[in-house]
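# Architecture at a glance
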Amino acid sequence: MTIASEARGSAEYAAALQALDRKHLIHPHQNPTRTERNIFVRGKGSVVWDAADVPFIDGMAGGNWVVAVGHGRAELAEAAAAQAEKLEYFSLWREYSNEPAIRLGARLAELAPAGMTKIHFTSGGSDGTEAALKIARRYHFERGDTERTWIIGRQFGYHGTTLAGGSVSGMDDMHFGAGPTMPHVAKVSPPMLSHPEMFGGQDPTDFLVQELETEILRIGPEKIAAMIGEPVMGGGGVIVAPEDYWPRIRTLLSKYGILLIADEVITGFGRTGDWFASAHYSPDIIVTAKGISSGYAPLGAVLMRDEIGEVMVGNPEKFFFHGLTYSGHPVACALALVNLDIIERENILGQAKKIESWFTEGLDGIRDLPNVHDVRVHGAMVGIELTADPDTGEPMPFDRMVAIIDDLRGKHRVLARDYGPTLVVGPPLVLEEEQAAEISAAITDVLRTRS
């Protein structure tokens, strides 16, 4: 099938693209009950246009929290072109290197929490999780703790869909039909304050810290390499922990010599209003992606404490045998440097705090709707947990969640996501106040209509 270029922007053009998509592409998280395709062809700021030239407010930063500085940035396109013309690719394997990767590594070391100046580049978040888990295990092995192979994750945590990343994630559906998952993985409860019944009448943090220590002692502290967790659980539906949760978890892990891996693939580079949401509780390893390049090129970075980095490269007989073809890709790193400049120059961190205030106010009126169980807003992250029955708290089922997302897109031209029973919004960090108001009004209208 060919598509006539002169038909661009027409319904026929959109239909032809959809047909080709259905014929050839297997999508991440593809559901066979959803045969329509929403194909986007251009964007500017927080607005994208589909193949029929219909505009939408992008409430999910490219669909999954990625486009921090907004769509259509000429400055980033020019940076990519300039670097590709100069040097499009050269590997970081062994003793090879390239200038943009070096400069980006130095820049990240300046932005990172103190004492985290060692950087390993990846192509994205899932790759970063894989690297972080191997680094944590290798660190203990090199120090003589050869039995420390266990990893602790959390239910509803999301760390990618690769074998190891999926194994430590708390979403069982991604394991279906894939055979045995990675061994030596345990899961503990998430800090879901909207469900106090989980904590048996205890203070949530007291319960969760006690539960974690019980699990550590069950496995044996000498067998555990690390715990991995998101500062704010994005894939779980914007689950925000109590303020004392992560500091107390950090203290407990340190007591037993267990590393803490902060998965900042979503939260890093400004989404919560800070460069790194985990900085205040001193993780040992930070996994990043998404906002590091705002999606203008695939890129991720694993940051680690200096001691860990030095151990990784300190064995002359068994070197650090891990990496990707595109680790430290020159074009991606050149883009990332300009992207970080934009975040700093335009005070994108401060903009995330403004977005938080706009949605907190704009969504205040839905809190009493019978189908709304909880509203969570943290930085430029919104999670609206929905229920099918306010008396029992039964979660909103998939078909009704999809209908709500379809209404937002079809009736209001607003793009959002359904994460289980939670309606999620995570817009570009350049979202304007009027656009936030439009998103809030659209959500309010749809939820009232379907309440």
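For the structure, check the block above.
Residues numbered from 1 in each chain as written. Predicted model: local features only at pLDDT ≥ 70, side-chain atom pairs only at ≥ 80, totals over all residues. Heavy atoms only, no water.

## Here's the deal with the nonpolar core
Put simply, the rule is: Note on terminology: a nonpolar core comprises buried Ala, Val, Leu, Ile, Met, Phe, Trp, Tyr and Cys residues joined through side-chain atoms within 4.5 Å. Only protein chains enter the accessibility calculation, which uses a 1.4 Å probe; a residue is then buried when its area is under 20% of its type maximum, exposed when over 50%, and partly exposed in between. Only DSSP runs of H or I covering at least 4 residues are called helices, and only runs of E covering at least 2 are called strands; the numbering of each starts at the N terminus. What marks off one domain from the next here is an automatic or database domain assignment. What makes two residues a contact is simply this: any of their non-hydrogen atoms within 4.5 Å.
Membership of the largest hydrophobic core comes to 90 residues, with the highest contact counts inside it found for F359, I384, L423 and I443. Broken down by element, this core gets its largest block of residues, 10 residues, from helix α10 (residues 330–345). When residues are assigned to domains, this core turns out to be shared by domain 1 (11–67 + 348–449) and domain 2 (76–346), each giving three or more. Setting aside its immediate chain neighbours within four residues, F359 contacts V377, V382, V425, P427, L431, A436, I439 and S440. A164, M182, I261 and V302 belong to the second-largest nonpolar core, a separate cluster that totals 24 residues.

## A few points about a nonpolar patch on the surface
To keep it simple, the criterion reads: Exposure above 30% relative accessible area and no salt bridge define the residues that can form patches, which grow by joining like charges within 9 Å and nonpolar side chains of Val, Leu, Ile, Met, Phe, Trp and Tyr within 5 Å. For the accessible areas, the method is Shrake-Rupley and the probe is 1.4 Å, while residue cover comes only from the protein chains on display. Each reported salt bridge corresponds to a side-chain nitrogen of Lys or Arg within 4 Å of a carboxyl oxygen of Asp or Glu.
On the surface, L87, F90, W93, Y96, F319 and F321 cluster together to form a nonpolar patch covering roughly 650 Å² of accessible area. What makes L87 partly exposed here is its relative accessible area of 30%.

## Here's the deal with helix α4 (residues 99–111)
To be explicit about the condition: By definition here, a helix of n residues has an expected span of 1.5 Å times n minus one. As used here, the arc is the angular range of directions from the helix axis to the C-beta atoms. In the analysis that follows, any N or O atom pair within 3.5 Å is treated as a polar contact, provided that within protein one partner can donate a hydrogen and the other can accept it, and provided that, for residues neighboring in sequence, both atoms belong to side chains.
For α4, which comprises 13 residues, the first-to-last C-alpha distance of 19 Å matches the rise-based estimate of 18 Å (1.5 Å per residue) to within 8%. When we look at burial in α4, the residues that qualify are P100, A101, L104, G105, R107, L108 and L111. Down the axis of α4, the sector holding all buried residues measures 165°, keeping them to one side. Exposed side chains of α4 directed beyond 90 degrees from the buried face belong to I102, R103 and E110. On its buried side, α4 packs onto α3 (74–86), β4 (118–122), β12 (300–304) and α10. For α4, the side-chain oxygen to backbone nitrogen distance between the N-cap and A101 is 3.0 Å, and the N-cap itself is N98.

## A short note on the sheet that holds strand β6 (residues 185–188)
The condition that has to hold: In this scheme, strands are said to pair when DSSP sees at least two bridges between them. The angle between two axes is taken between their N-to-C directions and runs from 0 to 180 degrees, where each axis is a line fitted to C-alpha atoms and a helix contributes only its stretch in contact.
The strand order β4-β12-β11-β10-β7-β5-β6 describes an open sheet built from seven strands, whose pairing is mixed. Two strands bound the open sheet, and with one partner strand each, they are β4 and β6. Mean inter-strand twist for the sheet, computed between neighbouring axes without regard to direction, equals 20°. Across five bridges, the pairing between β4 and β12 is antiparallel. Following the sheet pairing, T122 is matched in β12 by G300. On top of the sheet, helix α7 (residues 204–219) reaches β5 (150–154), β6 and β7 (224–229); it is set at about 160° to β6, its chief contact.

## Overview of the packing of aromatic side chains
Quick note on the threshold: Note on aromatic pairs: the rings of Phe, Tyr and Trp (six-membered ring only in Trp) are paired at centre separations within 6.5 Å, and the planes decide the class, stacked below 30 degrees, edge-to-face beyond 60, tilted for the rest. Two thresholds decide whether a charge sits over a ring: the Lys NZ or Arg CZ must be within 6 Å of the ring centre and within 35 degrees of the ring normal.
Taken as a whole and judged by the stated rule, the model has nine aromatic pairs. Taking the centre distance of 5.7 Å and the plane angle of 85° together, the rings of F40 and F56 count as edge-to-face. Of this pair, F40 sits in strand β1 (residues 40–44) while F56 sits in strand β3 (residues 55–58), and the two are 16 residues apart along the sequence. When the centroid spacing of 5.0 Å and the interplanar angle of 75° are considered together, the rings of Y245 and W246 count as edge-to-face. Per residue, the accessibility class of Y245 equals that of W246, and both read buried. Ring pairing ties together the aromatic residues Y245, W246 and Y281, which thus form one cluster. The positively charged end of R42 is found above the aromatic ring belonging to W49, 4.2 Å away from the centroid. The ring of F319 has R94 sitting right over it, with the charged end atom 5.9 Å from the ring centre.

## Looking at the packing of α7 against helix α8 (residues 245–255)
Any two packed helices are characterised by the angle at which their axes cross and by the distance between the axes. Using the following cut-off: Angle categories: roughly parallel below 35 degrees, roughly antiparallel above 145, roughly perpendicular from 65 to 115, and oblique for all the rest. By definition, any crossing whose near helix is turned counterclockwise from its far helix by less than a right angle is left-handed, and any crossing with a clockwise turn is right-handed. Under the grouping applied here, Gly and all other residues not named as nonpolar or charged are polar, the nonpolar ones being Ala, Val, Leu, Ile, Met, Phe, Trp, Tyr, Cys and Pro and the charged ones Asp, Glu, Lys and Arg.
At a minimum axis separation of 10 Å, α7 and α8 run at an interaxial angle of 20°. Classified by the angle between their axes, α7 and α8 sit roughly parallel to one another. Of the two elements, α7 crosses α8, and the hand of that crossing is right-handed. Side by side, α7 and α8 meet where T205, D206, L208, V209, L212, E213 and I216 of the first sit next to Y245, R248, I249, L252, L253 and K255 of the second. Class assignment of the residues belonging to the contact of α7 with α8 gives a composition of eight nonpolar, one polar and four charged.

## Some details on unusual backbone geometry
In this model, F156 sits at a positive phi of 70°, which is unusual for a non-glycine residue. Assessed through its relative accessible area of 40%, F156 is described here as partly exposed. One non-glycine residue, R413, adopts positive backbone phi at about 55°. Counting through the fold element by element, R413 comes out in the loop between α12 (398–412) and β16 (414–415).

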